[in-house]
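# Residue-level structural notes
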Amino acid sequence: MTSRRFERALVTGGAGFIGSHLCERLLRAGTAVVCLDNLSTGSTANIAWLLRHDEFRFLEHDITAPLPPLAGFDLVAHLASPASPSHYLALPLATLRVGAEGTRHALELARTCSARFLLASTSEVYGDPLEHPQSETYWGNVNPIGPRSVYDEAKRYAEAITVAYHREHGTDIAIARIFNTYGPRMRGDDGRMVPTFVQQALAGEPLTIHGPGTQTRSLCYVDDTVDGLLALAASEEHDPVNIGNSDELPITTIADEIRKLADRDSPVLHVSATPDDPRRRCPDITRARKLLGWSPRTSLTDGLQQTLARFEHGQ
C-alpha cells in the first residue's frame, strides 16, 4: 500500500453531493482545486464557503463539451453525472453523454497532464445482481434497454474507456465503484431513498417505500466514501475497487431508523415497485480493506443523525 500527495486537482461534478465533499477534503489536505460543474444537478450552495478559499476555483462548464485551456494537474477526479433516478431519467441523453464524451475529455486531460485519473463509477454496474455480495470480479446483470440503463451503461462504458486509456496510453487510472452514499448536501428532491425518507419524516408525512421493502441496501456515510476515494487515488491500484459499507439492511429497517431518529409518527406507505430495482445490494470490500487499508467507520445511527440535523437546518 502506497500513498501520495496531490498538488493540484480537477474535480468534475465538484458542486454535486459527493464532489463538493471531495473538493473540501482535498483543500484541507493542501491541494489546490479546480471545481468544474455545469450545475445541472449540482449547486453553488454546496461550495459556497469554498469560493472564498485562495486555492479554490469554480469553473461552470459542461464536461461533454471541449475543455477550455487547463493544465498542471496531478489528479483528475471525474464525478460528473446525474446520479439519482429522478435526475438521470429526466436527463437520459445527457447522462449517456457525460459517461461517454465527458469521461473521454477528462481522461484526455489526465493523459496530457500525466495525472492520476479517478473515475467515480457505481454499484449500478452490477445491475440487479445474481452474485451476493458483489465483488469486483462480478460482471453484472444489467438490462441494457431498461429505464435505469442510461446510468448503468454510461458508467459501464466509462469504466471501459478508462481501462482502454490505461492499456493504450499508460494513463494512471483508478476506478471506484461507489455504493449507496448518503449525508449532508444531498438534494431533498433527488428521489433517492435517504433524502426522501428524511424529508417525509421531518414533515410528518408517510414514508413511501417502493415495493415490499424487503430489498436490501448498504449505506455508506459520505465522509467514509470520500476517505475511500482519497485512499484509492493515493494508491497505485488500477483495477476497480468497491467503496461502500458491507452492513446490509432491508429498506423497511432503514425507514424505521429514520422515523425513530426524527421522532415522528409517520406511517410507512408501500407504493408500486420501481422497474429493474435491485433486490439486494451489498459490496464485498475485501479489496478495499486489503489494498487501501480502508473500511467505513461511521455507524448508520450517527450518519443519519448528522443528515437529519443538516436537513432540519436547511442543509
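Use the structure listed above.
This text gives an overview of the structure that appears in the document. Just so you know, the residues in each chain are numbered from 1, in the order the chain's sequence is written. Restriction of local features to residues with pLDDT of at least 70 applies here, the model being predicted, together with a cutoff of 80 or more for giving and counting side-chain atom pairs; totals for whole chains, interfaces and linings are based on all residues. Side-chain measures were taken over the full set of non-hydrogen atoms in the model, leaving aside hydrogen atoms and water.

### Regarding the packing of helix α5 (residues 193–202) against helix α9 (residues 300–312)
For any two helices packed against each other, the geometry is given by the interaxial angle and the distance between the axes. Between N-to-C directions, angles cover 0 to 180 degrees, with each direction set by a line fitted to C-alpha atoms, over the stretch in contact for helices. The helix and strand labels rest on DSSP assignments: H or I over at least four residues marks a helix, E over at least two residues marks a strand, and numbering proceeds from the N terminus. In the contact formed by α5 and α9, the axes pass within 10 Å of each other and the chain directions differ by 60°. Taken together, the axis directions place α5 and α9 in an arrangement best described as oblique. The two elements α5 and α9 meet at a crossing, and its hand is right-handed. Between α5 and α9, the contacting residues are Val 194, Pro 195, Val 198, Gln 199 and Leu 202 on the first element and Leu 304, Thr 307, Leu 308, Phe 311 and Glu 312 on the second. For classification purposes, angles smaller than 35 degrees are called roughly parallel, those larger than 145 roughly antiparallel, those between 65 and 115 roughly perpendicular, and all remaining angles oblique. Two helices cross in a left-handed way if the nearer one is turned anticlockwise from the farther one by less than a right angle. They cross in a right-handed way if the turn is clockwise. Contact between two residues is taken to exist if any of their heavy atoms lie within 4.5 Å; hydrogens are not considered.

### Quick word on the pairing of strand β2 (residues 32–37)
Buried residues are those whose accessible area, probed at 1.4 Å on protein chains only, stays under 20% of the maximum for their type, while exposed residues exceed 50% and partly exposed ones sit between those limits. Of all the six residues making up β2, six are buried; the element is thus mostly covered by neighbouring parts of the structure. Burial along β2 is two-sided: Ala 32, Val 34 and Leu 36 facing one way and Val 33, Cys 35 and Asp 37 facing the other are all buried. When DSSP finds two or more bridges between two strands, those strands count as paired. With five bridges joining them, strand β1 (residues 8–12) and β2 adopt parallel strand pairing. Bridge assignment links Ala 9 to a residue of β2, and that residue is Val 33. Handedness of a crossover is defined as follows: orient the strands so they point away from the viewer, and if the path from the first strand over the helix to the second runs clockwise, the crossover is right-handed. After leaving β1, the chain enters helix α1 (residues 17–28) and then returns to the sheet as β2, a path that is right-handed. Relative to strand β3 (residues 56–60), β2 runs parallel, the two being bridged by five bridges. Across the sheet, the residue bridging to Val 34 is Arg 57, located in β3.

### Here we look at the packing of aromatic side chains
Side-chain rings of Phe, Tyr and Trp, where Trp is taken by its six-membered ring, are said to pair if the distance between their centres is within 6.5 Å; with planes under 30 degrees apart they count as stacked, over 60 as edge-to-face, and otherwise as tilted. Across all of its chains, the model carries four aromatic pairs by this definition. Ring geometry for Tyr 88 against Tyr 151: centres 4.8 Å apart, planes inclined by 5°, an arrangement best described as stacked. Placement of Tyr 88 in helix α2 (residues 85–90) and of Tyr 151 in helix α4 (residues 149–169) is noted, with a sequence separation of 63 residues between them. Here the aromatic rings of Tyr 182 and Tyr 221 are separated by 5.5 Å at their centres, their planes lie at 65°, and the arrangement is edge-to-face. Taken as a pair, Tyr 182 in strand β7 (residues 181–182) and Tyr 221 in strand β10 (residues 220–221) lie far apart in primary sequence, 39 residues in all. According to the relative accessible area criterion, Tyr 221 is buried, its value standing at 4%. An aromatic cluster of three or more residues is present, and its members are Tyr 126, Tyr 138 and Phe 179. Two limits define a charge over a ring: the Lys NZ or Arg CZ must be within 6 Å of the ring centre, and within 35 degrees of the ring normal. The aromatic ring of Phe 73 is capped on one face by Arg 8, whose charged end is 4.3 Å from the ring centroid.

### A word on the pattern of salt bridges
Any two side chains of opposite charge can pair, given that their charged atoms come close. Think of a salt bridge as a Lys or Arg side-chain nitrogen and an Asp or Glu carboxyl oxygen that are within 4 Å of each other. Throughout the structure, instances matching the rule amount to 21 salt bridges. The shortest N-O distance in the salt bridge between Glu 7 and Arg 5 comes to 2.8 Å. Residue class for Glu 7 comes out exposed when judged on its relative accessible area of 51%. Of the charged contacts in the structure, one is a salt bridge between Arg 287 and Glu 237, with a shortest N-O distance of 2.7 Å. Of this pair, Arg 287 sits in helix α8 (residues 286–292) while Glu 237 sits in the loop between α6 (222–233) and β11 (241–243), and the two are 50 residues apart along the sequence. Looking at Arg 287, the relative accessible area reads 23%, which means it is partly exposed. Among the charged side chains, a network of salt bridges with common partners joins Arg 4, Arg 116, Asp 172 and Glu 236.

### Observations regarding the state of the cysteines
In plain terms, two cysteine sulfur atoms within 2.5 Å form what is called a disulfide here. One pass over the full model with this rule turns up zero disulfides. Counting only cysteine sulfurs, Cys 35 is the nearest neighbor of Cys 23, a cysteine outside any disulfide, at a range of 4.4 Å. On the basis of relative accessibility, which here comes to 0%, the residue Cys 23 falls in the buried class.

### Thoughts on the sheet that holds strand β5 (residues 116–122)
The strand order across the open sheet built from seven strands is β3-β2-β1-β4-β5-β6-β11, with neighbouring strands paired in parallel fashion. Unpaired on one side and paired on the other, β3 and β11 mark the two borders of the sheet. Between one strand axis and the next, the sheet turns by 20° as a mean value, whatever way the strands run. With respect to the sheet, helix α3 (residues 92–113) is in contact with β1, β4 (75–78) and β5, its orientation differing from that of β4 by roughly 175°.

### Concerning α4
Multiplying 1.5 Å by the helix residue count minus one yields the expected span of that helix. Taking 1.5 Å of rise per residue, 21 residues should cover 30 Å, and α4 covers 29 Å from first to last C-alpha, within 8% of that figure. Within the sequence span of α4, burial applies to Ser 149, Val 150, Tyr 151, Asp 152, Ala 154, Lys 155, Ala 158, Glu 159, Ile 161, Thr 162 and Tyr 165. Buried residues in α4 make contact with α2, α3, β5 and β6 (172–178). Immediately downstream of α4, the backbone of Gly 170 shows phi near 75°, a positive value.

Geometric values such as these leave the question of function open.
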